[in-house]
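So the chains spell out like this:
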Amino acid sequence: MGIQDLMLKSPYLNAASMFGFAPPSHWPLDLPPGAFITHPISLKPRAPAENRTVLQFAGGFLLHTGLPNPGLFATLKQFARRWARSPLPVWVHIIPSSPAEAAQMVAHLENIEGVTAIELGLPPGLTDDENLRMIEAACGELPLLVSLPVDRYREAWVFQTGKSPVSGLILSAPRGVLFRTDRTLVEGRLYGPALFPQMLAAFHALRSTGLPLIVGCGLYRHADVEAVLASGALAVQFDGALWKGLLP
Amino acid sequence: MPIVNGTLLEIRFTESGLAGLVDCPRAVRPGPGQYLIASSQREEEALPVTLFSMSLPDEPLQVSPPLPAGWYPGLTLRLRGPLGHGFTLPREARRVALVAYQSPAGLLLSLTRFALKQGAAVTLCSTFPPPPALPEEVEVLPFSQLKEAVAWADYLAAAFAREHYAELRQLLGNHLQERASLSAEGLILTPMPCAGLGSCGVCAVHTRAGWKHICLDGPVFSLRSLEEAP
Ligand code: FES
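By convention here, each chain's residues receive numbers from 1 onward along its written sequence. Naming scheme: in the order in which they are written, chains are lettered from A and ligands are numbered from 1. Totals for whole chains, interfaces and linings use all residues, but because this is a predicted model, local features are given only for residues with pLDDT of at least 70 and pairs of side-chain atoms are given and counted only at 80 or more. To obtain the side-chain values, all non-hydrogen atoms of the structure were used and water was disregarded.

Chemist: Any chance you could explain the confidence of the model for chain B here in plain terms?
Modeler: Parts of the model with low pLDDT should not have their predicted coordinates read in detail. The pLDDT value expresses, per residue, how confident the predictor is, ranging between 0 and 100. For chain B, per-residue confidence averages 90 on the pLDDT scale, and residues scoring 70 or more make up 98% of the total. Here the prediction assigns the complex a pTM of 0.93, and the interface score ipTM is 0.89.

Here is the structure:
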């Protein structure tokens, strides 16, 4: 599997959640984008989390939003035409809550013009079997990329992912917990340059799976991007660097 | 949307944190209540920073506190702006009440100066100390006189963090409802990490018209459009 098989125009992608539901009018980095990855989409609408927040720590930030989205059908109604017209291939990031939902969402997306791949976000807390069932259910006619939070790379199911026709793993933002100023705890996804060493450990450990790997967190420096691509990463995904608009 | 480089020329310590003077083209300067997104090359900052202006459009850009502790004069900033919907000061407003609740009153400084320029009398009710640059024509009231200020004003502009809105609402009591003709707007402060680029949803706010994004639809909203607990 190479970047041509996934119809990527370049190996430089955005991480899900960084650009909303439609390709941005302006790509903020000086590396050409290879595809557009949508904000995570569930089958049914999701409201913002009550305690939504972003908390900074040295070298990164925690983001807790509840992944709000209008649900698959409302999203398609609003954005399918823009996906069809997009000069970039569109990967739809889905967050089904069951294998049946995964199968339903994928079957629907196969008929949507412009969509060239599915990125699957797995709900936290599933057993090995449940993860594998979800992946199996999401395998359809479109290439399937599985988003793997880097803190979970040692879980047994990850090494069995290759039994399904999966096109690759995306090493994505891990979860963590931080205190708010009022000392209450918030759980969320972690981003930032401080995650680069953890991501690199996962990247090297997972090369033995033989699956194509996309490095999707911790990239905030040009030199790191080029190094992971030279080490065999199929592509890279940027997160906070896109919001900063800088890649020193 | 203009994206330009600017330079932080000066840093000042204030009671609400660091404020600064930024050299940048006029095209990106925000109006009252609008904002700019600024990024530095400093690796310890994984997110861009939101900047609010304290100046009039034809003056050098003074930005309101708090700036990141590690910023220093001479720092190059990548600036994107102006962003968001700011305050809409009615031309006919002659009695302007400014309310800074648990947030720096400097956020209302450029609006203050617009109001004075159009001949309005201005009062400030703030839980924080008034900014040193506050024009002396502005009457500063203790926060306990909030209700009197609301009763007097024909335009009210408030600044508050999203999590403090319910408290402010309580403090305002029925006064807003009783003054149906009073035009009242609020600048909602909340982290805006993607500033509309990603629709990440972290700045979502519940209004009478449904969910809105503070970064795109605000940060200034009509106070009457906000739900009790946004
Ligand atoms: S800051 Fe991300 S949607 Fe407003």
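Chemist: I tried to follow the domain arrangement of chain B on my own but got confused; where do I start?
Modeler: Interface size, as often reported, equals the accessible area lost upon joining of the parts. Residue and element names in this part refer to chain B. Delimitation of the domains relies on an automatic or database domain assignment. What the domain assignment reports for chain B is domain 1 (3–83) and domain 2 (95–227). When checking whether two residues touch, look at their non-hydrogen atoms; a contact exists if any pair is within 4.5 Å. Of the residues lining the interface, 20 residues belong to domain 1; the matching set on domain 2 comes to 21 residues. For the pairing of domain 1 and domain 2, the buried interface totals around 1,800 Å² over both sides, and the portion due to carbon and sulfur atoms is 65%. Here, a salt bridge means any Lys or Arg side-chain nitrogen found within 4 Å of an Asp or Glu carboxyl oxygen. On inspection of domain 1 and its partner domain 2, the count reaches 1 salt bridge. N or O atoms closer than or at 3.5 Å make up a polar contact, with two conditions inside protein: a donor-capable atom paired with an acceptor-capable one, and, for residues adjacent in sequence, both atoms drawn from side chains. Linking domain 1 with domain 2 are 3 residue pairs in polar contact (both at pLDDT 80 or more). Reported buried area values correspond to the accessible surface (1.4 Å probe) lost by two parts on association, with both partners' losses combined.

Chemist: So what exactly am I meant to see when it comes to empty space enclosed by the protein here?
Modeler: Sizing a probe to match a water molecule and rolling it over the atoms shows the empty space that remains. As defined here, a cavity is a set of points on a 1 Å grid over the protein atoms alone where a 1.4 Å probe fits but cannot get out. A pocket is an open set with protein on both sides within 12 Å along at least five of seven lines, and residues line them when an atom is within 4 Å of a point. Grid points are joined across faces, edges and corners, and a volume is the space filled by probe spheres set on the points. What the rule picks out here adds up to 1 cavity of 30 Å³ or more. The space that makes up the largest cavity amounts to roughly 70 Å³. Grouping the amino acids of the lining of the largest cavity by side-chain chemistry returns 4 nonpolar, 2 polar and 4 charged. We call Asp, Glu, Lys and Arg charged. Ala, Val, Leu, Ile, Met, Phe, Trp, Tyr, Cys and Pro are nonpolar, and the rest, Gly among them, are polar.

Chemist: Quick question: what am I supposed to make of the pairing of strand β10 (residues 155–161) of chain B here?
Modeler: Residues and elements named next belong to chain B. Most of β10 is tucked away: 7 of the 7 residues are buried. Exposure categories follow from relative accessible area, calculated using a 1.4 Å probe and restricted to protein chains: below 20% of the type maximum is buried, above 50% is exposed, and the middle band is partly exposed. Helix and strand assignments come from DSSP, with helices taken as H or I runs of at least 4 residues and strands as E runs of at least 2, each series counted from the N terminus. In β10, alternate side chains face the same way, and those of Tyr 155, Ala 157, Ala 159 and Ala 161 on one face and Leu 156, Ala 158 and Phe 160 on the other are all buried. Two strands pair if DSSP finds at least two bridges between them. For strand β7 (residues 95–101) and β10, the ladder comprises 6 bridges, and the chain directions are parallel. Bridge pairing in β10 places Val 96 opposite Tyr 155. Pairing geometry for β10 and strand β11 (residues 183–189), over 7 bridges, is parallel. By the bridge assignment for β11, Ala 161 is matched with Leu 189.

Chemist: Would you explain the nonpolar core in this entry?
Modeler: Grouped burial of nonpolar side chains is what soluble globular proteins tend to show. In terms of nonpolar packing, the biggest core is built from 77 residues, with Phe 61, Trp 83, Leu 109, Met 199, Val 236, Phe 238 and Trp 243 of chain A touching the most fellow members. For Leu 109 of chain A, the contacting residues outside a window of four places in its chain are Leu 72, Leu 76, Trp 83, Val 92, Ile 94, Val 115, Ile 118 and Leu 142 of chain A. Counting residues in hydrophobic clusters, the runner-up holds 59 residues, among them Met 54, Leu 134, Leu 172 and Leu 223 of chain B. For the purposes of this section, nonpolar cores are sets of buried Ala, Val, Leu, Ile, Met, Phe, Trp, Tyr and Cys residues that join through side-chain atoms within 4.5 Å.

Chemist: Looking at this structure, I do not really get the interface of chain A and chain B. What am I missing?
Modeler: Residue-level contacts link 31 residues of chain A with 26 residues of chain B. Summed over both sides, the interface of chain A with chain B buries roughly 2,300 Å², with 62% coming from carbon and sulfur. The largest per-residue losses of area from chain A upon contact with chain B belong to Arg 52, Trp 243 and Lys 244 of chain A, which jointly make up 34% of the total buried on that side. On the surface where chain A and chain B come into contact, there are 1 salt bridge. Linking chain A with chain B are 8 residue pairs in polar contact (both at pLDDT 80 or more), by the criterion used here. Broken down by class, the residue content of the side of chain A that touches chain B amounts to 15 nonpolar, 13 polar and 3 charged.

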